[in-house]
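Notes for the structure review
As a plain string of letters, each chain reads:
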Amino acid sequence: MSGTPLKPTDPDFLKAVSVGRPPNIVRLFPNSKALIVSGKYIDQAMLSKGKAICMAANGRSHLVIRGALRAAQAANSVLIIEIAKSEGTYCPVNFWNIARQVDAVCNELGITVPVAVHADHYGIKSKADIEAAAVEIPTIFEAGITSIAIDASHMPDADNLLANIALNPCVPAWAGLETEVGEIKGKTGLSTVEEALFLIQGLNAHGIFPDWIALNNGTTHGIEASDSGIQVELTRSIHEALTPYKTSGAQHGTSGNSSDRLREIAAKTRTTKANVATALQMIGWGLEVNDYGNAILDSDGEFIKIPTEGVSEAVWQEMKAYAAKNGWKKGDYKKLNLPFESRILAQPAEIRERMTARIERFVYHMLVDVFNARDTASMAIEMILKNQSYDPGPKAERIEDPADWTSERILEKASRIHSDKGAAGNFDD
């Protein structure tokens, strides 16, 4: 592994820590040397390099967080560590403890690359959810979140836009912001240029400038059952239509897509963030995967556990038995994270290390060989030092007329959108 990350004693790193950490991070960790930053800096560093994507590693367990941070340091790459709202129901990591784990590991290991802590898929599924979200969202920033995805894509287009507008005052102006159009549900209900423009233009009229937009561009969460995956040309056309608004793309459902397709997304679209969740989980456990992290099944449709990798054989048998007892199918194995975290952390040091190291090798490969993210840490630190601030400011400016985007006009415009939202169902992470 190569790369030239700054040392913890380097004056530039120490200066970046002193000016680049947002106020919530300074309050929480006043004596920390972890460079936890706004998601805006991550996005802008990738744009500065060009044709580069930052991995957003879903930190479903402590060892995933450790392995991903070690890989980013080795690659001198910026990194996003994230967790989705739904993941907090079946993982030991959640919105309120993820920043504390990231900060602790960064200080323990001497990590000097900039890291954003992202609240992914903060789901709004009905108008009734908005009131509760207005209470809860400030608490996750109090707990150290530095970037958030407001995901109201489950609702009709007008309600999606109105929910984003209503909740924007809860998000600090300095924080990274992601929005979403179209639920991530595979080849059905694909997002359209018309839908994406409606959402971004409406937000722009209200002075809201998302750093990222997530689309339903052909992928699914979890284990990918087919090789259809990301529709690159659809993604490119939507990103091109959004060029005046300077919104980058957030790619969800990467675990089932080939490395070649992910390289194509980096080269041909404005994508700067790619979520990786299921692959890291499977790799940490020691399951056999292909080169881009999708689990390989045997002739009986069962996972293939490598005896010398991941958890011990005894723990793996316990995990399988627990899943079978609960009637869980392969896609439900993610629910093993919560009941088995303490069991895994109680394994001997050599077991924990081989789990962490396997995650590190995979994340390093993705950052360097697929996402073109090497040395973006240096670019982000240069931006922080140039700005002398934790807030790089928005990329965009208001170009839409607010008078054209009142609540009444939003409902009127949405009524003219023709789209297929796809099959109904639960498409959470």
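Procedures and definitions
- Residues numbered from 1 in each chain as written.
- Predicted model: local features only at pLDDT ≥ 70, side-chain atom pairs only at ≥ 80, totals over all residues.
- Heavy atoms only, no water.
- Helix = DSSP H or I, 4+ residues; strand = E, 2+ residues; numbered from the N terminus.
- Rg over C-alpha atoms; globule rule 2.2 N^0.38 Å.
- Buried < 20%, exposed > 50% of the residue type's maximum accessible area, 1.4 Å probe, protein only.
- Contact = heavy atoms within 4.5 Å.
- Areas by Shrake-Rupley, 256 points an atom, 1.4 Å probe, with all protein chains shown as cover.
- Disulfide = S-S within 2.5 Å.
- Polar contact = N/O pair within 3.5 Å; in protein donor to acceptor, adjacent residues only side chain to side chain.

**Brief notes about the overall build of the protein chain**
Secondary structure assignment for the protein chain yields 16 helices and eight strands. Since a compact globule built from 429 residues should have a radius of gyration of about 22 Å, the 20 Å found for the protein chain is in line with a globular shape. Seen through its C-alpha atoms, the protein chain measures out along the principal axes to roughly 65 × 55 × 40 Å. Scored against the burial criterion, the 429 residues of the protein chain give a buried share of 58%. In the protein chain, once contacts between residues fewer than 6 apart in sequence are set aside, the share between residues at least 24 apart is 79%. Of the roughly 16000 Å² of accessible surface on the protein chain, 52% is carried by carbon and sulfur atoms.

**Some thoughts on the state of the cysteines**
Under the defined criterion, the tally for this structure stands at zero disulfides. Unpaired in terms of disulfides, Cys 54 finds its nearest cysteine sulfur in Cys 106, a separation of 13 Å.

**A few points about the side chain of Asn 204**
Residue placement: Asn 204 occurs in helix 8 (residues 193–205). With residues near it in sequence (within four places) discarded, Asn 204 still touches Phe 209, Tyr 245, Glu 397, Arg 398, Ile 399 and Glu 400.

**What to know about helix 1 (residues 11–20)**
Among all positions in helix 1, only Phe 13, Ala 16, Val 17, Val 19 and Gly 20 are buried. One side-chain oxygen at the N-terminal end of helix 1 lies 2.8 Å from the backbone nitrogen of Asp 12; it belongs to Asp 10.

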